[in-house]
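A structural walkthrough
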Amino acid sequence: MDLKNYTIPDRVFDEILTNTNRARPGLGQLVNFLKKNGIQNLNERKHNAELAIQTMGITFTVYTEGTNIDREWPFDIIPRVIHQKEWTSVEKGLKQRLQALNLFINDIYNDEKIIKDKRVPKDLLASSKDFRPECVGMNPVYNTWAHICGTDLIRDGDGTMYVLEDNLRVPSGVSYMLENRNISKRVMPELFKNHDILPMDDYPAQLFDTLSSISPRPLDYPEVVVLTPGIYNSAYFEHSFLAQRMGAELVEGSDLIVADDDCVYMKTVEGLSRVDVIYRRIDDLFLDPEVFNKDSTLGVKGLMRAWRKGNVALANAPGAGVADDKVVYTYVPEMIKYYLGEDPILPNVPSYMCTDKKQLQHVIQNIENLVVKPANESGGYGMYIGPRESKRRTAEMKRLLKANPRNYIAQPIVNLSTVPTLCDNNLEARHVDLRPFILQANKSYVTAGGLTRVALVRGSLVVNSSQGGGSKDTWILASKD
Amino acid sequence: MLSRVAERMYWFGRYLERVENTARLINVNTNLIMDLPKVKHIWESLIEITGTREAFDQRFSRIDERNVMKFLLDDEFSSIKAAILGARENARTTREIMPSESWVLINELSIYMNKHKTKGINRSGRHELLDEIIGICNQITGYLEGTMSADTPYHFIKIGRNLERADMTTRIVDVGCLNLMNPELEIGQYENILWMSVLTSLNAYQMYRQQVQDTVNGEDVVDFLLKNRQFPRGVAHCLAEVAQASQSLPRNDNALRTITHAQRTIDQNDVIALLNNEKLHDFIDNVQLDLSDINGELTTTWFQRNVDQELNPSQSFTQTRLFT
């Protein structure tokens, strides 16, 4: 395989090769492997990976595809590699960030100190779609609201790693991260002989410990369940995967009942059985028809009552999504300074607040060079990428911005880094991001690596799997002493 | 164990067994027609056995080999494909319970079927297709037997499998009797061959020969298939398995009572006399009612949940019962 024609786009950082197409330090063996193996060999491995994915039933769902609820997970065999030395610092940064975010959530549902101290404007919360007045005054154990967080990282042209967003509602992808590693081991076993790659498969055990530690009843074996909306949810594969790996029950709303004692029970063949911790993969608004969306058939009537009384723990806690908001995001560096008295280890992507008139004006004038994102969407839906949009869409975006500036943030375009990716009969540079998963309760934990998502279309920056993105195994390469 | 999961395990057991039974049934009758090219209506009796006449007539105007094969292999309603889908959907929602390799095998079964189902329409590729399906089913059953702890989840699979088996055995015996009594069929001299095919449909020929030291005849075959307690597809044996699995489940009083009632129906009737008096068909109707009562009692005791909270019915695979 000849890498001479491998082209890294201008001002873009490639994770594996330098801009003279040489291996980055420590990656010589991997690059040699790619060179040594012809395209046919790589394609064969790719084919094997696809077969494995098919028979292992690793699927996700795209909502627009109607009844086709199985789409095979898109995977590229060439890994993305990060050195442990860099990762250690990223890990610290992620823990720091989640700690601050949890302190923030706890603060705004209780004393509102950060608002009283005028470090964050009051109307920011009033207008946040994910602020839940029903949660005011709650104090979950360890003051932790977001126990599981998926934070998206991207690397700019100069090599700096930025935080793009924090997903604090029901972040998904961790099962694919684990399965990617399995497939990778299966189709490229020889690479694992020569590389010291940090294992990642203790995540389910760590998740179980995190969930157990927030049980309202101090038992040896708290009853932990995973609450799923069911097989038609895009992440059902993951829900069942995690339940299986944790040895927890996978329940649907109709399996649970809140009894007169305001405790949660599941309906079992033995009768009713008490539930202590619910890892819920249902959005806030569907959790409890008594409090939120009255038509929800996915949730459990009375669940909020049980939670408020402290009879059941919910992970993530309802209302945690308030810090998921892309406008709130812009204040995270401020939160880290305010609550922890530390400097942020991981920088935010610089963002323009459209609620500020001057900044809004700047955004509108330079919109063709910016990315504009809705504050409350996930999955890359509704994103506006300046240089690629039609005049019509640009005009529409300007109108939307003026009408509802609180709903959007704008950021300069970050040239996402690239990784060689097997495309048809060639290795080509494709843009990637990275979603590590962070756990927090009595202690913090970060996955060794994360889910690398790759935009399979040449030049595209949209990595979301719901929009034609693929994925890669992510290696954290142990430092040689 | 969750009631919903128990119910899905039960239906998984049933659907998987149904896949195997249907495959075997088609295989044997394809062989039979080669021995009895003059006897008509063999394809019709497959539709009778599976109890799908109405659905078949809605789809096809003519009962012939091609249409029956299309219907039993690839139709949405009651085919092998549909049963594989049923097994897979129930397994999908219980993946956290079953050993993970079984999910891989079920996927392989489903992938194989989707790729090769058209092979079975013509006789030339049919045997290979059905053999492979039966093979994968056996592999899954064996794998579960070898890797799943014999506790609640496995008991529900076992109950499902054995009820489905008992159901299929009674249907096959029933259609055998009806064919004999039907003068239009002109079975006459072929009676012996017909009973042999009843046995082979249930993979029972060898075991029958080992136990019954006589030529294949209706009386012995009926007695063997309904009352023999050793043969795995015998109705008495299946019911004993259902009873045994239910013994270790909680709150099992009513279920055990219903099962015992069905066992008594089999034990206390002289099926040979019934056959000779042409009353076996009515008797089998009763046995089928007993089986359906057991199904009802299982649902009430262990599966009952608030039905109004179910997603819409078409999304709930557990509610489908294809062969009735």
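Residues numbered from 1 in each chain as written. Chains lettered and ligands numbered in written order. Predicted model: local features only at pLDDT ≥ 70, side-chain atom pairs only at ≥ 80, totals over all residues. Heavy atoms only, no water.

Okay, the overall build of chain A next. The helix and strand tally for chain A stands at 15 helices and 22 strands. Taking 481 residues into account, the globule formula puts the C-alpha radius of gyration at 23 Å, and chain A, at 23 Å, falls close to it. Once the C-alpha set of chain A is aligned to its principal axes, its extents read approximately 70 × 60 × 50 Å. Out of the 481 residues belonging to chain A, those deemed buried represent 60%. (Helix = DSSP H or I, 4+ residues; strand = E, 2+ residues; numbered from the N terminus. Rg over C-alpha atoms; globule rule 2.2 N^0.38 Å. Buried < 20%, exposed > 50% of the residue type's maximum accessible area, 1.4 Å probe, protein only.)

Right, let's get into the pattern of salt bridges. All names here are of chain B. Considering all chains together, one arrives at 51 salt bridges over all chains under this definition. Ionic pairing is found between glutamate 17 and arginine 165, a salt bridge with its closest N-O pair at 2.8 Å. Taken together, the positions of glutamate 17 in helix H1 (residues 3-35) and arginine 165 in helix H8 (residues 152-181) put the pair 148 residues apart, joining distant regions of the chain. The exposure classification of glutamate 17 matches that of arginine 165, with both residues buried. (Salt bridge = Lys/Arg side-chain N within 4 Å of Asp/Glu carboxyl O.)

In this section: helix H12 (residues 235-247) of chain B. All names here are of chain B. With 13 residues, H12 should reach 18 Å at 1.5 Å per residue; the first-to-last C-alpha distance of 18 Å fits that figure. Buried within H12 we find Val235, Ala236, His237, Cys238, Leu239, Val242, Ala243, Ala245 and Ser246. In the core, the buried residues of H12 are packed alongside H8, helix H11 (218-227), helix H13 (253-267) and helix H15 (280-303). (Expected span 1.5 Å × (residues − 1). Contact = heavy atoms within 4.5 Å.)

Right, let's get into the sheet that holds strand E13 (residues 352-353) of chain A. Residue and element names in this part refer to chain A. One open sheet accounts for 4 strands, arranged E13-E16-E14-E15; its pairing is antiparallel. Each having just a single partner strand, E13 and strand E15 (384-385) make up the two edges of the open sheet. Direction of pairing for E13 relative to strand E16 (residues 408-412): antiparallel, over a ladder of 2 bridges. Note on E16: the bridge partner recorded for tyrosine 352 is alanine 410. (Pairing = 2+ DSSP bridges.)

Here we come to the pairing of strand E19 (residues 437-440) of chain A. Residue and element names in this part refer to chain A. Neither face of E19 is left uncovered, since the one carrying Phe437 and Leu439 and the one carrying Ile438 and Gln440 both have all their residues buried. Two elements, E19 and strand E20 (residues 444-446), share 3 bridges in a ladder whose sense is antiparallel. Its bridge partner lying in E20, isoleucine 438 is registered against valine 446. Turn length for the E19-E20 hairpin, with the two strands adjacent in sequence and antiparallel, is 3 residues.

What follows covers H15 of chain B. Residue and element names in this part refer to chain B. Helix length check: H15 (24 residues) gives 33 Å between terminal C-alpha atoms against 34 Å at 1.5 Å per residue, within 8%. Buried residues of H15: Leu280, Phe283, Ile284, Val287, Asp290, Leu291, Ile294, Asn295, Leu298, Thr301, Trp302 and Phe303, and no others. The inward-facing, buried residues of H15 abut H1, H8, H11, H12, H13 and helix H14 (271-276).

With that settled, consider the interface of chain A and chain B. The partner chain B presents 31 residues to the 28 residues of chain A that form the contact. Both faces considered, chain A and chain B share a buried interface measuring about 2700 Å² in area, 49% of it formed by carbon and sulfur atoms. On the chain A side of the contact with chain B, Gln244, Lys267 and Val269 of chain A bury the most area, a combined 25% of that side's loss. The salt bridge involving glutamate 252 of chain A is made with arginine 8 of chain B; its shortest N-O contact spans 3.4 Å. Looking at the side of chain A that touches chain B, the elements that each hand over two or more residues are helix H2 (39-56), helix H9 (236-246), strand E7 (249-252) and strand E9 (264-268) of chain A. The leading source of residues in the side of chain A that touches chain B is H9 of chain A, at 5 residues. Split by residue class, the side of chain A that touches chain B holds 12 nonpolar, 10 polar and 6 charged. (Buried area = accessible area lost by both parts, 1.4 Å probe. Nonpolar A, V, L, I, M, F, W, Y, C, P; charged D, E, K, R; others polar.)

Glancing now at the sheet that holds E9 of chain A. Residue and element names in this part refer to chain A. Read across the open sheet, the 3 strands follow the order E8-E9-E10; overall the sheet is antiparallel. In this open sheet, the two edge strands, each paired with only one partner strand, are strand E8 (256-258) and strand E10 (271-274). The average undirected angle you get between the axes of adjacent strands in this sheet is 40°. Inspection of the sheet shows E8 paired to E9 by 3 bridges, in the antiparallel sense. Across the sheet, the residue bridging to valine 258 is valine 264, located in E9. (Axes fitted to C-alpha atoms, helices over the stretch in contact; angles between N-to-C directions.)

Time to look at the pairing of E10 of chain A. Residue and element names in this part refer to chain A. The pairing of E9 with E10 spans 4 bridges and is antiparallel. By the bridge assignment for E10, tyrosine 265 is matched with arginine 274. Two successive antiparallel strands, E9 and E10, enclose a turn made up of 2 residues.

Glancing now at the packing of aromatic side chains. Taken as a whole, this structure holds 20 aromatic pairs over all chains when the rule is applied. Geometrically, the ring pair formed by phenylalanine 156 of chain B and phenylalanine 303 of chain B is tilted, given 5.7 Å between the ring centres and 55° between the ring planes. Linking phenylalanine 156 of chain B in helix H8 with phenylalanine 303 of chain B in helix H15, this pair joins segments that are 147 residues apart in sequence. For phenylalanine 156 of chain B, a relative accessible area of 0% puts it in the buried group. Between tyrosine 208 of chain B and phenylalanine 224 of chain B the ring centres are 5.6 Å apart and the planes differ by 85°, which places this aromatic pair in the edge-to-face class. Here phenylalanine 224 of chain B lies in helix H11 and tyrosine 208 of chain B lies in helix H10 (residues 205-211), a separation of 16 residues in the sequence. We note that tyrosine 208 of chain B, like phenylalanine 224 of chain B, is buried. Every member of this aromatic cluster is reached through a ring pair, and the members are Tyr10, Trp11, Tyr15, Phe156, Trp302 and Phe303 of chain B. Sitting over the ring of phenylalanine 13 of chain A, arginine 24 of chain A keeps its end group 3.9 Å from the ring centre. (Phe/Tyr/Trp six-rings, centres within 6.5 Å; stacked < 30°, edge-to-face > 60°. Lys NZ or Arg CZ within 6 Å of the ring centre and 35° of its normal.)

This part is about the packing of H2 of chain A against helix H6 (residues 100-116) of chain B. As a packed pair, H2 of chain A and H6 of chain B sit with axes 7 Å apart at the nearest point and diverge in direction by 105°. In this view, H2 of chain A runs roughly perpendicular relative to H6 of chain B, as classed from their interaxial angle. Only Trp103, Val104, Asn107, Glu108 and Ile111 of chain B of H6 of chain B make contact with H2 of chain A, whose side of the interface consists of Gln54, Thr55 and Met56 of chain A. The residue inventory of the contact of H2 of chain A with H6 of chain B, partitioned by class, reads 4 nonpolar, 3 polar and 1 charged. (Parallel < 35°, antiparallel > 145°, perpendicular 65-115°, else oblique.)

We now examine the domain arrangement of chain B. Residue and element names in this part refer to chain B. The domains assigned to chain B are domain 1 (1-148) and domain 2 (150-304). Between the C-alpha centres of domain 1 and domain 2 the distance comes to 20 Å. Taken residue by residue, the interface counts 35 residues in domain 1 and 32 residues in domain 2. Counting each side, the surface lost to burial between domain 1 and domain 2 is near 3000 Å², with a carbon and sulfur contribution of 66%. Here domain 1 and domain 2 share 5 salt bridges between them. Scanning the region where domain 1 abuts domain 2 turns up 11 residue pairs in polar contact (both at pLDDT 80 or more). Taken together, the elements giving at least two residues each to the side of domain 1 that touches domain 2 come down to H1, helix H2 (42-49) and helix H7 (123-147). With 19 residues, the top contributor of residues to the side of domain 1 that touches domain 2 is H1. (Domains from an automatic or database assignment. Polar contact = N/O pair within 3.5 Å; in protein donor to acceptor, adjacent residues only side chain to side chain.)

Here we take up the confidence of the model for chain B. Residues and elements named next belong to chain B. Per-residue confidence for chain B gives a mean pLDDT of 86, with 93% of residues at or over 70. H2 is the least confidently modelled element of chain B, averaging 85 in pLDDT, while H12 averages 97, the highest of any element. Segment residues 306-324 is flagged for pLDDT under 50; beyond a separation of four residues in sequence, or across chains, it makes 41 contacts in the model. Predicted as a complex, the structure gets a pTM of 0.82 and an ipTM equal to 0.73. (pLDDT = per-residue confidence, 0-100.)

Note: most peptide bonds trans; most residues except glycine with negative phi. Going from alanine 315 of chain A to asparagine 316 of chain A, the amide bond is cis rather than trans, its omega being -10°. Mapped onto the secondary structure, asparagine 316 of chain A falls in the loop between strand E12 (313-315) and helix H12 (326-329). Positive phi, normally seen in glycine, also occurs at tyrosine 142 of chain A, with a value near 55°. Mapped onto the elements of the fold, tyrosine 142 of chain A is located in the loop between helix H5 (122-126) and strand E4 (148-155). Positioned with a positive phi, arginine 251 of chain B is a non-glycine residue whose angle comes to about 45°. Here arginine 251 of chain B shows up in the loop between H12 and H13. The exposure class assigned to arginine 251 of chain B is partly exposed, which follows from its relative accessible area of 45%.

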